[in-house]
Every structure is written in structure tokens, then in C-alpha cells.
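Coordinate inspection notes
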Amino acid sequence: YQRRVHGGVTNRITVQLITFKPSRPITPGYNVVLHCHVIGVPATISKLVALLDKSLNVVQKKPKCIAKDKSYNCIVEVTTMKPICAELFADFKSLGRVMLRESGDTVAAGIIKEIHAIS
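Residues numbered from 1 in each chain as written. Predicted model: local features only at pLDDT ≥ 70, side-chain atom pairs only at ≥ 80, totals over all residues. Heavy atoms only, no water.

This part covers the overall build of the protein chain. When you go through the protein chain residue by residue, the secondary structure sums to zero helices and seven strands. In sequence order, the protein chain lays out its α and β elements as β-β-β-β-β-β-β. A globule of 119 residues ought to have a C-alpha radius of gyration of about 14 Å, and the protein chain, at 14 Å, matches this closely. C-alpha atoms of the protein chain, sized along the principal axes, occupy 50 × 30 × 25 Å. Accessible surface computed for the protein chain: about 7,100 Å², of which carbon and sulfur atoms make up 55%. (Helix = DSSP H or I, 4+ residues; strand = E, 2+ residues; numbered from the N terminus. Rg over C-alpha atoms; globule rule 2.2 N^0.38 Å. Areas by Shrake-Rupley, 256 points an atom, 1.4 Å probe, with all protein chains shown as cover.)

Quick look at the structure:
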């Protein structure tokens, strides 16, 4: 019998998001509040991995920014200021969801695709 580890404590996660017409372009360094489970922690979008189409196929790898005033499907890497406990959406659907907010407005929501080691 081998026990599988699903998630863990981390400060870096890769998230598949849908943006909700943000008021300014999303670029690396964009500061947000990450809501995961019942916690809300300050975080930064550290890397834009890819833009996706409606079928979730990669349209553009490593985009420079995600434009404002339009909804996009994308994959980003988020770094939190403090370590958080995170679970993959594939393992626990209810615990693998996140929301990104800025100044009280929801900027994006999505699912955790990858959990990285603490850096």
C-alpha cells in the first residue's frame, strides 16, 4: 500500500484562469489577493504561461500581457507572500478552486493545475 500525496504547503502554484474583464492589463508582477479555501493572502502573478482558446487549446505561449476589458482563458503562475495549503483540482474539485481579487473586484477565477515546491 502506497499513500499518494495530493497537495501540500507551497507559495507557488500554476493556475488555469478565466479573467473577468480586468480594469488594467495583467502582466507579471500584477498584485492580487488569492482566495483559496477560506483564506485570502496577498499574491503576485509571477509568470504568464499561456493564453487559451474556448476549447482550452494553447493559442499563445508566454504572452507579454493579458489585455484589459476582455475575458480570457489563460494559465498563469501565482506566488503568494506567505505559504498556503493547496490541493490540485484534479484530486479535490472543491479544494482546488481559486479566485483572484484586486481592490474588492474579482479579476479572475480558476483551478489549480500544478503545485510547486516552496521557493
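A few words now on the nonpolar core. Side chains of a nonpolar character, in soluble globular proteins, are inclined to be buried together. In terms of nonpolar packing, the biggest core is built from 25 residues, with Ile13, Leu17, Leu34, Val76 and Val98 touching the most fellow members. Excluding residues within four positions of it along the chain, Val98 makes contact with Ile13, Val15, Leu17, Leu34, His35, Cys36, Ala109, Gly110 and Ile112. (Core = buried A, V, L, I, M, F, W, Y, C linked by side-chain atoms within 4.5 Å. Buried < 20%, exposed > 50% of the residue type's maximum accessible area, 1.4 Å probe, protein only. Contact = heavy atoms within 4.5 Å.)

Note on backbone geometry: most residues besides glycine have negative phi, and most peptide bonds are trans. Non-glycine residue Lys21 carries a positive phi angle of around 50°. Relative to the assigned elements, Lys21 resides in the loop between strand S1 (8-19) and strand S2 (30-36). Located in the positive-phi region is Ser103, a residue other than glycine, with phi close to 55°. Note that Ser103 resides in the loop between strand S6 (97-102) and strand S7 (105-115).

This part covers the pairing of S2. What you see with S2 is a clean split: Tyr30, Val32, Leu34 and Cys36 sit on the buried side and Asn31, Val33 and His35 on the side with no burial. Across seven bridges, S2 lies against strand S3 (residues 39-52) in antiparallel orientation. Looking across to S3, one finds that Val33 is bridged to Pro42. If you look at the hairpin formed by S2 and S3, you'll find two residues sitting between the two strands, and His37 has a positive phi there, around 60°. When S2 meets S6, the two strands line up antiparallel, connected through four bridges. Note that in S6 the partner of His35 across the bridge is Met99. (Pairing = 2+ DSSP bridges.)

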